Amino acid sequence: YFYSPAKARSEIDFVIETRKKPLQSPPSVVLLEVKASKRWRSEFEAPSRALKSRGKINVEKMIGVYLGDESIEKDGYQVMSYSDFIAALFSGKIF
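Conventions adopted
- Residues numbered from 1 in each chain as written.
- Predicted model: local features only at pLDDT ≥ 70, side-chain atom pairs only at ≥ 80, totals over all residues.
- Heavy atoms only, no water.
- Helix = DSSP H or I, 4+ residues; strand = E, 2+ residues; numbered from the N terminus.
- Pairing = 2+ DSSP bridges.
- Axes fitted to C-alpha atoms, helices over the stretch in contact; angles between N-to-C directions.
- Contact = heavy atoms within 4.5 Å.
- Buried < 20%, exposed > 50% of the residue type's maximum accessible area, 1.4 Å probe, protein only.
- Polar contact = N/O pair within 3.5 Å; in protein donor to acceptor, adjacent residues only side chain to side chain.
- Core = buried A, V, L, I, M, F, W, Y, C linked by side-chain atoms within 4.5 Å.
- Phe/Tyr/Trp six-rings, centres within 6.5 Å; stacked < 30°, edge-to-face > 60°.
- Lys NZ or Arg CZ within 6 Å of the ring centre and 35° of its normal.

Asks: Just checking my understanding: could you explain the overall build of the chain for this structure?
Replies: Within the chain, the secondary structure is distributed over two helices and seven strands. Ordering the α and β elements of the chain from the N terminus gives β-β-β-β-α-β-β-β-α.

Asks: Even after reading the chapter, I still don't get the sheet that holds strand S3 (residues 14–19), so can you show me in this structure?
Replies: In any sheet, the strands associate via hydrogen bonds between backbone groups, in a parallel or an antiparallel arrangement. Pairing is mixed across the open sheet formed by five strands, whose spatial order is S3-S4-S5-S7-S6. The sheet is open, and its two edges are formed by S3 and strand S6 (72–74), each paired on a single side. The mean angle between the axes of side-by-side strands here comes to 20°, regardless of whether they run parallel or antiparallel. Inspection of the sheet shows strand S5 (residues 58–66) paired to strand S7 (residues 77–81) by five bridges, in the parallel sense. By the bridge assignment for S7, Val-65 is matched with Met-80.

Asks: What am I meant to see in the environment of Met-80 here?
Replies: With respect to the helices and strands, the residue Met-80 is situated in strand S7. The residues contacting Met-80, other than those within four sequence positions of it, are Ile-63, Gly-64, Val-65, Tyr-66, Glu-70, Ser-71, Phe-85, Ala-88 and Ile-94.

Asks: Can you walk me through the side chain of Glu-45 in this structure?
Replies: Mapped onto the elements, Glu-45 comes out in the loop between strand S4 (28–34) and helix H1 (46–54). Glu-45 sits in the buried class, given a relative accessible area of 3%. At 3.0 Å, the side chain of Glu-45 and the side chain of Trp-40 are in polar contact. Not counting residues within four places of it along the chain, the set of residues in contact with Glu-45 comprises Trp-40, Lys-74, Tyr-77 and Val-79.

Asks: Which parts of the structure should I look at to understand the side chain of Ser-48?
Replies: Inspection of the secondary structure puts Ser-48 in helix H1. The buried category is assigned to Ser-48, whose relative accessible area is 0%. Non-local contacts of Ser-48, meaning those with residues more than four positions away in its chain, are made with Ile-12, Leu-31, Met-62 and Tyr-77.

Asks: Explain the nonpolar core to me, please; I cannot follow it from the model alone.
Replies: Generally speaking, soluble globular proteins have nonpolar side chains that are buried together. In terms of nonpolar packing, the biggest core is built from eleven residues, these being Ile-12, Val-29, Leu-31, Trp-40, Phe-44, Leu-51, Val-59, Met-62, Tyr-66, Tyr-77 and Val-79. Sort the elements by how many residues they give to this core and S5 lands first, with three residues. Counting eight residues, the second-largest nonpolar core is a separate cluster that includes Leu-32, Ile-63, Phe-85 and Ala-88.

Asks: Looking at this structure, how should I read the packing of aromatic side chains?
Replies: Here the distance between the centres and the angle between the planes together describe a pair of aromatic rings. Under the defined criterion, the tally for this structure stands at three aromatic pairs. On the numbers, 5.0 Å between centres and 80° between planes, the contact of Trp-40 with Phe-44 is edge-to-face. Their ring planes at 70° and their centres at 5.9 Å tell us that Trp-40 and Tyr-66 sit as a pair that is edge-to-face. In this pair, Trp-40 is assigned in the loop between S4 and H1 and Tyr-66 in strand S5, connecting sequence segments 26 residues apart. Overall, Trp-40 belongs to the buried group, its relative accessible area being 11%. Since its relative accessible area comes to 6%, Tyr-66 is described here as buried. Three or more aromatic residues joined by ring pairs make a cluster, and in this case those are Trp-40, Phe-44, Tyr-66 and Tyr-77. The ring of Phe-44 is capped by Lys-35, whose NZ or CZ atom sits 5.0 Å from the centre of that ring.

So yeah, pure geometry; function would need other evidence.
Here is the structure:
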């Protein structure tokens, strides 16, 4: 979980470290935003995009999971229906 009290208070539901921080480089993470909504809105992506733009961590993936039916990818942000996410998770495609 990540929370920033900056301008537009923002949070990211899950920040999953996939590689610990080596001495000379940042840690690697997957950012996961989960919404109980049938419609994905681009503003849901803002906290993840803001954290990635800081450049202090290596963001391997940014994933949004929601109750809708479509799974799409736009500008490096992967939006998945919950059923597609569960299938990808258990088949090893997320981590």
